[in-house]
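Residues per chain are reported as follows:
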Amino acid sequence: MATATTHTPPPPGRNETTPPKSSAPSQAGDRIFLGLSRGSGIALLVIMAAIAVFLTYRAVLAIADNEGNFLTTSEWNPAGNPPVFGIAVLAFGTIVSSVIAMVIAVPVAIGIALFISHYAPRKLATPLAYVVDLLAAVPSIIYGLWGAIFLVPYLDGLNKWLDQYMGWTYVFDKSGEGVARNMFTVGILLAIMILPIITNVTREVFLQVPRMHEEAALALGATRWETIRMSVLPFGRSGIISASMLGLGRALGETMAVAVVLSPSFIISGRLLDPGGGTFAQNIAAKFNEANEYGRDALIASGLVLFVITLLVNGAARWIIARRKEYSGANA
């Protein structure tokens with residue numbers, strides 16, 4: 001004869017499904033971690049705001065007494081009487097050199113990242129990745145010395161070839177003789193400098209592609225390239241954009257390498273093979289020590305423009321990534 005079982009109800013005020021409460025040390029650790037994380041975020045915002053306020057204040061002092069148009073003047077003479085200076089040449093040179101660097105570096109970096117992550121055998125991929133990591137750690141002054149001693153003389157032949165066969169484009173038309181201390185050389189040097197950064201980040205993104213995606217494409221009869229085109233590149237698109245913006249940030253703010261290689265002048269020219277031009281960072285590094293108090297305020301004003309350009313570049317990158325939410329992790 002079956003015996004009926006009885007269920008003893010829980011004591012009043014206690015729920016069977018209530019999970020055990022966390023211990024007091026665990027709750028204290030959570031509160032400490034939350035406070036540190038929140039404090040770090042607030043401190044970062046405060047530092048950024050303090051930098052912006054400082055740059056804006058010193059820039060206003062300089063621009064108030066400037067007799068030229070700060071945005072369109074091609075002259076830089078804050079020590080004159082009256083002082084005249086503008087950022088037209090610096091903005092043009094910074095943008096042109098960075099664009100050249102990105103056009104060269106991004107496709108090459110993607111190719112290297114794909115080779116290391118999907119084509120090279122493990123015995124070759126590991127040391128090759130290590131070499132790329134080492135290149136990212138080389139100081140910029142070393143790149144600048146290498147560029148001045150080795151790259152500039154050897155690019156003279158390339159400049160003559162471009163002038164002979166591509167001079168009709170005006171961009172590669174060389175108006176006179178001279179060594180290759182021009183924006184084209186600066187762009188190539190910057191491309192070499194940002195190449196390891198873009199490659200490292202892009203390679204890590206490609207290695208995160210789910211293996212099932214690639215196996216599914218191969219099972220459907222796709223070739224190796226079709227698998228990469230349909231599975232790897234779409235998955236890593238936001239990572240490629242982030243890596244490119246990281247490299248662009250370094251190209252925009254590079255100082256010593258550009259100062260060593262470039263022969264600066266305050267002339268705006270569309271001929272990339274002619275010496276001359278300048279960048280924000282190079283001009284600040286070259287003129288800061290010899291500038292008086294007002295001249296330093298003028299240099300700080302140009303630094304404010306570079307600061308704003310950097311913020312706009314990063315904001316544009318975040319906007320592009322946000323438009324691809326399925327690849328940016330926003331829906332994860």
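- The name an unreviewed UniProt entry gives the protein is Phosphate transport system permease protein, with Streptomyces roseolilacinus as the organism.
- Turning to the protein, the UniProt annotation filed under Function (unreviewed entry) states: "Part of the binding-protein-dependent transport system for phosphate; probably responsible for the translocation of the substrate across the membrane."
- Checking UniProt for the protein, the heading Sequence similarities (unreviewed entry) contains the comment "Belongs to the binding-protein-dependent transport system permease family. CysTW subfamily."

1. Overview of the overall build of the protein
Piece 1. Helix and strand counts for the protein come out as 12 helices and 2 strands.
Piece 2. When the elements of the protein are put in sequence order from the N terminus, they spell out α-β-β-α-α-α-α-α-α-α-α-α-α-α.
Piece 3. In the protein, buried positions account for 39% of the 332 residues.
Piece 4. Taking the contacts inside the protein whose residues are at least 6 apart along the sequence as the reference set, 72% of them involve residues at least 24 apart.

2. Points about the packing of aromatic side chains
In this description, an aromatic ring pair is defined by two values, namely the gap between the centres and the angle between the planes.
Piece 1. Applying the stated criterion to the full structure yields 8 aromatic pairs.
Piece 2. Three or more aromatic residues link up through ring pairs in this structure, and these residues are F70, W76, F85, F266 and Y294.
Piece 3. We note R224 situated over the ring of Y119; from NZ or CZ to the ring centre the distance is 5.4 Å.

3. Notes on the environment of Y143
Piece 1. Within the secondary structure, Y143 sits in helix 4 (residues 140-166).
Piece 2. Judged by its relative accessible area of 7%, Y143 falls in the buried class.
Piece 3. Separated by 115 residues in the primary sequence, Y143 and V258 place their C-alpha atoms 9.4 Å from one another.
Piece 4. Filtering out sequence-adjacent residues up to four positions away, Y143 remains in contact with L135, V138, L189, I192, M193 and P196.

4. Section: the packing of helix 5 (residues 183-207) against helix 8 (residues 237-253)
Piece 1. Where helix 5 contacts helix 8, the two axes come as close as 8 Å, and the packing angle between them is 155°. In this view, helix 5 runs roughly antiparallel relative to helix 8, as classed from their interaxial angle. Between helix 5 and helix 8 the crossing geometry is right-handed. Side by side, helix 5 and helix 8 meet where L190, M193, I194, I197, I198, V201, T202, V205 and F206 of the first sit next to G239, I240, A243, S244, L246, G247, R250 and A251 of the second.
Piece 2. The residue inventory of the contact of helix 5 with helix 8, partitioned by class, reads 12 nonpolar, 4 polar and 1 charged.

5. Considerations on the packing of helix 3 (residues 122-136) against helix 5
Piece 1. Closest axis-to-axis distance for the helix 3/helix 5 pair is 8 Å, and the angle between their directions is 135°. The orientation of helix 3 relative to helix 5 falls into the category oblique. Relative to helix 5, the crossing made by helix 3 is left-handed. Here A129, V132, D133, L135 and A136 of helix 3 lie close against helix 5, whose contacting residues are P196, T199, N200 and R203.
Piece 2. Considering only residue class, the contact of helix 3 with helix 5 consists of 5 nonpolar, 2 polar and 2 charged.

6. With respect to the UniProt feature "transmembrane region" (unreviewed entry) in the protein
Piece 1. Those places that UniProt annotates as "transmembrane region" (unreviewed entry) correspond, in this numbering, to residues 41-64, 84-116, 128-155, 183-202, 251-273 and 298-321.
Piece 2. In the segment residues 84-116, helix accounts for 88% and strand for 6%; the C-alpha atoms at its two ends are 52 Å apart.
Piece 3. The distance from the first to the last C-alpha atom of residues 128-155 is 26 Å, and the span holds 89% helix and 0% strand.

7. Focus on helix 8
Piece 1. Compared with the 24 Å implied by 1.5 Å per residue over 17 residues, the 25 Å span of helix 8 between its first and last C-alpha is a close match.
Piece 2. Considered for burial, the residues of helix 8 that qualify are S238, G239, I240, I241, A243, S244, M245, G247, L248, A251 and L252.

8. A few points about the side chain of R58
Piece 1. Looking at the element boundaries, R58 is found in helix 1 (residues 24-64).
Piece 2. Classification of R58 by relative accessible area gives buried; the value is 16%.
Piece 3. A distance of 3.1 Å separates polar atoms of two side chains, one belonging to R58 and the other to E293.
Piece 4. Look past the residues within four positions of R58 in its chain and what remains in contact with it is E293, D297 and I300.

9. With respect to unusual backbone geometry
Piece 1. Following N81, the chain continues to P82 via a peptide bond in cis, the omega torsion being 5°.
Piece 2. Considering the arrangement of structural elements, one finds P82 in the loop between strand 1 (76-77) and strand 2 (84-85).
Piece 3. The phi dihedral of Y170 falls on the positive side, at around 70°, and the residue is not glycine.
Piece 4. Inspection of the secondary structure assignment puts Y170 in the loop between helix 4 and helix 5.

10. Overview of a nonpolar patch on the surface
Piece 1. Taken together, the side chains of I141, I142, L145, W146, I149, F150, Y154, I192 and M256 make up a nonpolar region of the molecular surface, amounting to roughly 860 Å² of accessible area.
Piece 2. If you tally residues by element for the nonpolar patch, the top one is helix 4, at 7 residues.
Piece 3. Among the secondary structure elements, F150 is positioned in helix 4.
Piece 4. F150 sits in the partly exposed class, given a relative accessible area of 39%.

11. Topic: the confidence of the model for the protein
Should pLDDT be low for a region, the predicted coordinates there are not to be read in detail.
Piece 1. When the pLDDT values of the protein are averaged, the result is 85; 89% of them are 70 or greater.
Piece 2. The weakest mean pLDDT in the protein belongs to helix 12 (residues 325-328) at 47; the strongest belongs to helix 2 (residues 88-119) at 93.
Piece 3. In the predicted structure, residues 326-332 sits below a pLDDT of 50 and forms 8 contacts with residues beyond four places in sequence or in another chain.

Rules behind the numbers
Residues numbered from 1 in each chain as written. Predicted model: local features only at pLDDT ≥ 70, side-chain atom pairs only at ≥ 80, totals over all residues. Heavy atoms only, no water. UniProt positions renumbered as here; feature names shortened; annotations may be inferred. Helix = DSSP H or I, 4+ residues; strand = E, 2+ residues; numbered from the N terminus. Buried < 20%, exposed > 50% of the residue type's maximum accessible area, 1.4 Å probe, protein only. Contact = heavy atoms within 4.5 Å. Phe/Tyr/Trp six-rings, centres within 6.5 Å; stacked < 30°, edge-to-face > 60°. Lys NZ or Arg CZ within 6 Å of the ring centre and 35° of its normal. Axes fitted to C-alpha atoms, helices over the stretch in contact; angles between N-to-C directions. Parallel < 35°, antiparallel > 145°, perpendicular 65-115°, else oblique. Left-handed = near helix turned anticlockwise from the far one by under 90°. Nonpolar A, V, L, I, M, F, W, Y, C, P; charged D, E, K, R; others polar. Expected span 1.5 Å × (residues − 1). Polar contact = N/O pair within 3.5 Å; in protein donor to acceptor, adjacent residues only side chain to side chain. Patch = residues over 30% accessible without salt bridge, like charges linked within 9 Å, V, L, I, M, F, W, Y side chains within 5 Å. Areas by Shrake-Rupley, 256 points an atom, 1.4 Å probe, with all protein chains shown as cover. Salt bridge = Lys/Arg side-chain N within 4 Å of Asp/Glu carboxyl O. pLDDT = per-residue confidence, 0-100.

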